[in-house]
Amino acid sequence: MKSKTIVKRSLLFLLIAIVAIIPLVNQDEPLFIQASDERTEMAFSEDMSIAEKMEVILANERLDGGITGVTVRHAATGEILFAENGDIRLHPASNMKLLTAAAALETLGADYRFRTEVLTDGRQRGEVLLGNLYLKGKGDPTLLKADLDQFAKDLKAQGIRNIKGRLIADDTWYDDVRLSQDLNWSDEPFYTGAQVSALTLSPNEDYDAGTVIVEVTPAKKAEGKALVNVSPETDYVKIVNRTKMVPAGETKKISIEREHGSNRIIVEGDMPVGGTLSRSWASVWEPAGYALSVFRKALEEQGIKFVGRSEEAFESAPEHAQVLVSKDSMPLSELLIPFMKLSNNGHGEVLTKEMGKVVHSEGSWDKGLEVIEDVVMELGVNQDTILLRDGSGMSHKNLIPSNDLTQLLFEAQNKDWFPAFQQSLPVAGVTERLVGGTLRNRMTTEPAKGNVTAKTGSITGVSTLSGYVTSLDGEELIFSILINNYLGSSGNIQAIENEIATMLAGHEFQE
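Cut-offs used in this document
Residues numbered from 1 in each chain as written. Predicted model: local features only at pLDDT ≥ 70, side-chain atom pairs only at ≥ 80, totals over all residues. Heavy atoms only, no water. Helix = DSSP H or I, 4+ residues; strand = E, 2+ residues; numbered from the N terminus. Rg over C-alpha atoms; globule rule 2.2 N^0.38 Å. Buried < 20%, exposed > 50% of the residue type's maximum accessible area, 1.4 Å probe, protein only. Contact = heavy atoms within 4.5 Å. Areas by Shrake-Rupley, 256 points an atom, 1.4 Å probe, with all protein chains shown as cover. Core = buried A, V, L, I, M, F, W, Y, C linked by side-chain atoms within 4.5 Å. Patch = residues over 30% accessible without salt bridge, like charges linked within 9 Å, V, L, I, M, F, W, Y side chains within 5 Å. Salt bridge = Lys/Arg side-chain N within 4 Å of Asp/Glu carboxyl O. Lys, Arg positive; Asp, Glu negative; His and termini not counted. Charge placed at Lys NZ, Arg CZ, Asp CG, Glu CD. pLDDT = per-residue confidence, 0-100. Pairing = 2+ DSSP bridges. Axes fitted to C-alpha atoms, helices over the stretch in contact; angles between N-to-C directions.

### A closer look at the overall build of the protein
Each helix and strand in the protein was counted, giving 12 helices and 20 strands. For 511 residues, the compact-globule estimate of 2.2 N^0.38 gives 24 Å, and the protein sits close to it at 25 Å. When the backbone C-alpha atoms are referred to their principal axes, the protein occupies close to 85 × 65 × 35 Å. Residue burial in the protein is summarised as follows: out of 511 residues, 55% are buried. Of the contacts formed within the protein by residues at least 6 apart in sequence, a portion of 71% connects residues at least 24 apart. Element-wise, carbon and sulfur atoms account for 48% of the exposed surface of the protein, whose accessible area totals about 22,000 Å².

Okay, here's the thing in structure tokens:
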């Protein structure tokens, strides 16, 4: 009996450890199983139809108790070749990004760029700027510290050495609602749930706006604390280092999490001597203040000083303010690559608010979702069969049938922006990160490798895959797989998705 108790306790501790690290995982990348070639072994006879093959695959007991919607269309004609629960509304997870990307391309255009400006309401006299300095964001999720450094250099090149005024963040391009309506509070400290602001900053070229990168490395001795570094360097967040160095060979146990409602990032656990790097992206509380803090540091590094009343503030730049320097982002067609390949939630929400701003002069989720709904209706989606709650797919209340998703993918082929849309989709089995994206470790062998181009999706109990594939005899197909309410390993469910896509890639139609 004693041994059984010990086993039960061990399993309990293991479960607690697993739950503790789940929030650090990308919503589209499984924690334990990279579902690459982990397919069920099935032999299909040559004369079997797609429907017959699909019936075999969908009989998998791992789907029992859940709901699976699958639709396959002919890409040239739009004819439905197979549908199972195709008209049932299901949660799309990050397949929601297909709707957001299509709507953004249709509404904003592939060449659309976001702008960031530095303005003043004063005038320059010699080396002194007499007036306030405004950093105004217009939604750019790709703004980097290097861009703020360049702003500071440009101001210095204009002869500005001193500023007699305040440094002000202007994030009024969008409303001040930072989190989408259904985002779980437990997601908020992590990069998958970062706050949305018109003025924000990304720590690197993954462009996870509104986050900092926290890295933990070992000290040289098994005493004291591990070393913690934040990128970009900023005192806007406060690191609380509760780590402990332990002898080489011991288990590394490091957690990195920002406290809800504050910018205190708690780093704790054991780091062995010679241990490997621990890295995590932590969202910040109020991204506009974060961007302003890093900009102030950039100005100081260029020798530009504030004199007199120099406190920071948050307000709108006056209409008469003069633009001193500005930067335009990459075009939307290029932004779609990290957005779709890496399934960047923040990009989905920024694009939603930007569409609301451009079409309805209101940068809000409500107005942005109105735009998305109008566009997807034009692409064949039935307004009466969908419920849209955010632009990323993090909401567990988004609903759309697989029939409608494949109809959207069919109609999108006729748009002049389709090449940019198609190029943004992850490609199965291609290891290059910004090509394969969230499919780079899945379907790594032919006929699916390099053939299946599709958007992944994963939130608790939901796994999805929708996109394009060419059959073995050259027929182009469109498919959507929406699996809801499953229990157990996400890798096992993704293996079923892989099996379906691979079956379509290897199918030969009978003449």
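After that view, the rundown keeps rolling.
### Re the nonpolar core
Core analysis: the biggest nonpolar cluster contains 51 residues, and Leu98, Leu99, Leu332, Ile372, Leu408, Phe421 and Tyr468 have the highest contact counts within it. Looking at this core element by element, the count peaks at 8 residues for helix 3 (residues 96-107). Leu98 has contacts with Met340, Leu405, Leu408, Leu409, Phe421, Leu425, Lys455 and Ser466, leaving out every residue within four places of it along the chain. Core analysis: the second largest hydrophobic core is formed by 42 residues, Ala219, Ala226, Ala291 and Phe306 among them.

### Section: unusual backbone geometry
Each neighbour pair has its own omega, and for Ser231 with Pro232 the value is -5°, a cis peptide bond. Structurally, Pro232 can be placed in the loop between strand 10 (227-231) and strand 11 (238-246). The backbone of Asn85 shows a phi angle near 55°, a positive value even though the residue is not glycine. As for its position among the elements, Asn85 is in the loop between strand 2 (80-84) and helix 3. Look at Asn85 and you get partly exposed, because its relative accessible area is 34%.

### Overview of a negative patch on the surface
A cluster of acidic residues, Glu46, Asp47, Glu52, Glu55, Glu84, Asp473 and Glu508, forms a negative patch on the protein surface. Residue position: Asp473 is located in the loop between strand 19 (462-470) and strand 20 (476-484).

### Structural notes on the confidence of the model for the protein
Looking at the protein as a whole, its pLDDT mean stands at 92, while 92% of the residues score no less than 70. Overall, residues 29-41 carries pLDDT values under 50, and its contacts beyond four positions in sequence, including any with other chains, amount to 39 contacts.

### Considering the sheet that holds strand 11
One open sheet accounts for 3 strands, arranged 11-13-12; its pairing is mixed. Strand pairing shows two members of the sheet lacking a second neighbour, strand 11 and strand 12 (253-258), which therefore form its edges. Ignoring which end each strand starts from, the neighbouring axes of this sheet average 5° apart. Two strands pair when backbone bridges link them, and strand 11 and strand 13 (residues 264-272) are joined in this way by 9 bridges, in the parallel orientation. Within the sheet, the bridge partner assigned to Ile239 lies in strand 13 and is Ile265.

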